[in-house]
Each structure stands twice: as structure tokens, then as C-alpha cells.
Amino acid sequence: MNVFIIGAAGKVGSRLVPLLADAGHVPLAMHRKSEQAQILADKGAKPVAGDITALTVDELAELMESADAVVFSAGAGGAGYDLTQAVDGDGLVKAVAAARKAGATRFLLVSAFPEAGRDAEPKEGLENYMRIKKLTDAHLSQSDLDWVIVRPGTLSSEGGDGKVALGLALPYGNVSRDHVAQVLAGILERPQLSRVILELTDGDTPVGDALDAMA
Ligand SMILES: NC(=O)c1ccc[n+]([C@@H]2O[C@H](COP(=O)([O-])OP(=O)(O)OC[C@H]3O[C@@H](n4cnc5c(N)ncnc54)[C@H](OP(=O)(O)O)[C@@H]3O)[C@@H](O)[C@H]2O)c1
């Protein structure tokens, strides 16, 4: 499968690339900085340069031409209202339109757990980020694509032990980025997982078993 990854050089995306390559897929790794191309190629990807804020839908669809699936894991990372809107918000809308145009019908979105940050002092930026994430979840879920939305808890870069909690509604928690990448790769192997929103935290169930249970 050719898998077009938006945000491929990110902390989740760069973990997903080698998993897909090892499984015999072709990760088409969209990245912004020229120095990221060789790093992504070394992980088994075919690097594709592109900035989601600058590309038109037609240009993005052209880049996605050979893709069977799209994974959207890009984000402005709290870089302010305008960039959050441009990347997490408008970027997702653009990616959905481009995927439809390119015929890349399978579409996975890394979203966010709605309860994230709810135990901390409310911050305007976080509220805005959550609002945009909710709107983009709604936008994708109302498309005719074969979508899956993954809502991870707070991401950690600690290596995962391969055990997660994955479900339709879960208590909020942290999740290793390794686990997020493993779950994304596992969803692509399970076409029966379709048009569903899955919440994800670290947990007690091996990733494969958790995915099989949901499938
Ligand atoms: N942090 C959390 O606790 C949390 C929780 C739940 C969900 N999430 C979501 O999970 C996603 C993945 O997390 P992560 O740790 O992998 O984040 P990350 O390391 O910040 O990766 C985000 C990627 O998006 C790319 N990007 C930003 N602007 C772009 C643009 N204009 N065009 C194309 N690509 C662009 C970045 O590119 P560069 O490499 O060039 O910077 C980066 O590779 C985040 O985007 C966030 O929405 C985060």
C-alpha cells in the first residue's frame, strides 16, 4: 500500500514510517525541510516535499496521486491561533479534499482526546486547539472517505511496552508515541476498522489484540 503521511517528520510520523516500510508498504513522507528528506529516506520512506499551508488542493492531490491511504499527523504544535487554524484546521480540510480528488480513499487522522488538559487551569490556546480538532473530526467523519480518527491521550516519547487501551470512550491518560504509530500501522492492516473514532491511551492489552477486538 502507498501511504501518504502528512507530518511524516514529526514525532509520531517518523515512528510510523519505519513500521510501514518494514511491513512492505511505501510511506510517501510529506515533510517541509530539505534536511528531513534523507532522514526519512533512511527510515524507508519516499520523501515528498510540501507545506500544507502553501499547497492548493490540486497540488496536494497531485502529490497524493499514487497514494492508497493518507495519514494526517501534522500539527502546528501550539504555535498560535493562526497557524493552528492553517495546519490543524484548514490543512485537514485541504487534505480531505485532496485525498478525495486523488482517489486515496483510506484516511487516518491523529486527533486529540477531548478531555486533554481538563484537569489543568483552562488556557485559551488549548481551548482553541480542542475546538479546531473537534471541527476537523466532524469534517472528516462527514466525508465519504473510508476514515478512522484516533484520539490519543497526552503524547509521551517514552518507549512503549506494546500495551494499550483502545476503545470508543476511555478514561483520559497518557500514551507513548510508539503506541500511536503502532496503532496507526495496525489500522491500515485492518480494513474492517472504518468510519470509527478510537480513543487511545497506554494500557494493559497488546496493540494487536486491542486492534483485533475493535475490528
Ligand atoms: N502533544 C500531545 O500531547 C498531543 C495529544 C494528542 C494529539 N496530538 C496531535 O498529534 C499530532 C502528532 O504529534 P507529534 O508529537 O508527532 O507532533 P510533532 O512532532 O509536532 O509533528 C507535527 C508535524 O507536523 C508538521 N507540520 C507542521 N506544520 C506543517 C505544515 N505547514 N505543512 C506540513 N507539515 C507541517 C511538522 O513539520 P516539521 O517537522 O517541519 O516541524 C511536524 O513534522 C500533533 O500534530 C497533534 O495535533 C498531540
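The following refers to the structure shown. (Residues numbered from 1 in each chain as written. Predicted model: local features only at pLDDT ≥ 70, side-chain atom pairs only at ≥ 80, totals over all residues. Heavy atoms only, no water.)

Turning to unusual backbone geometry, a few remarks are in order. The phi angle of most residues is negative, glycine excepted, and most peptide bonds adopt the trans form. Backbone geometry at Arg195 places phi at a positive 55°, although glycine is not the residue there. Tracing the sequence through the fold places Arg195 in the loop between α6 (177-188) and β10 (196-202). Among the residues examined, Arg195 registers a relative accessible area of 43% and is labelled partly exposed. (Helix = DSSP H or I, 4+ residues; strand = E, 2+ residues; numbered from the N terminus. Buried < 20%, exposed > 50% of the residue type's maximum accessible area, 1.4 Å probe, protein only.)

Once that is clear, we can look at the packing of helix α1 (residues 13-22) against α6. Axis separation between α1 and α6 bottoms out at 9 Å; the angle between their running directions is 40°. With respect to α6, the axis of α1 lies oblique. Viewed along their axes, α1 and α6 form a crossing whose handedness is right-handed. Contacts from Arg15, Leu16, Leu19 and Leu20 in α1 reach Arg177, Asp178, Ala181, Gln182, Leu184, Ala185 and Leu188 in α6. Split by residue class, the contact of α1 with α6 holds seven nonpolar, one polar and three charged. (Axes fitted to C-alpha atoms, helices over the stretch in contact; angles between N-to-C directions. Parallel < 35°, antiparallel > 145°, perpendicular 65-115°, else oblique. Left-handed = near helix turned anticlockwise from the far one by under 90°. Contact = heavy atoms within 4.5 Å. Nonpolar A, V, L, I, M, F, W, Y, C, P; charged D, E, K, R; others polar.)

Two side chains that carry opposite charge are able to pair once their charged atoms sit near each other. For the structure on display, the rule yields eight salt bridges. Between Asp144 and Arg100 there is a salt bridge; the shortest N-O distance is 2.8 Å. Note that Asp144 is positioned in the loop between α5 (124-141) and β6 (146-152) and Arg100 in helix α4 (residues 81-102), a separation of 44 residues in sequence. Taking the shortest distance from any N to any O, the salt bridge between Arg151 and Asp137 comes out at 3.1 Å. Placement of Arg151 in strand β6 and of Asp137 in helix α5 is noted, with a sequence separation of 14 residues between them. Across the pair, Asp137 and Arg151 agree in class, each one buried. Several salt bridges converge on common partners, so that one network encompasses Asp137, Arg151 and Glu199. (Salt bridge = Lys/Arg side-chain N within 4 Å of Asp/Glu carboxyl O.)

Once that is clear, we can look at the side chain of Glu199. As for its position among the elements, Glu199 is in strand β10. For Glu199, a relative accessible area of 6% corresponds to the buried category. Within the structure, Glu199 has its side chain in polar contact with the backbone nitrogen of Leu170 (distance 2.8 Å). Those residues in contact with Glu199 that sit more than four places away from it in its chain are Phe113, Pro114, Arg151, Ala165, Leu166, Gly167, Leu168, Ala169 and Leu170. (Polar contact = N/O pair within 3.5 Å; in protein donor to acceptor, adjacent residues only side chain to side chain.)

Our next topic: the site of the ligand. The ligand sits among 27 residues. The nearest are Lys11, Val12, Asp51, Tyr129 and Arg177. Separating an oxygen atom of the ligand from a side-chain N or O atom of Arg32 is a distance of 2.9 Å. Contact distances for the ligand include 2.9 Å between an oxygen atom and a side-chain N or O atom of Tyr129. Protein chains shield 83% of the accessible area of the ligand, which is 910 Å² for the free molecule. Those elements that place two or more of their residues in the shell around the ligand are α4, α5 and β7 (154-156). Here the shell around the ligand is built from residues that sort into ten nonpolar, ten polar and seven charged. (Near = heavy atom within 4 Å. Areas by Shrake-Rupley, 256 points an atom, 1.4 Å probe, with all protein chains shown as cover.)

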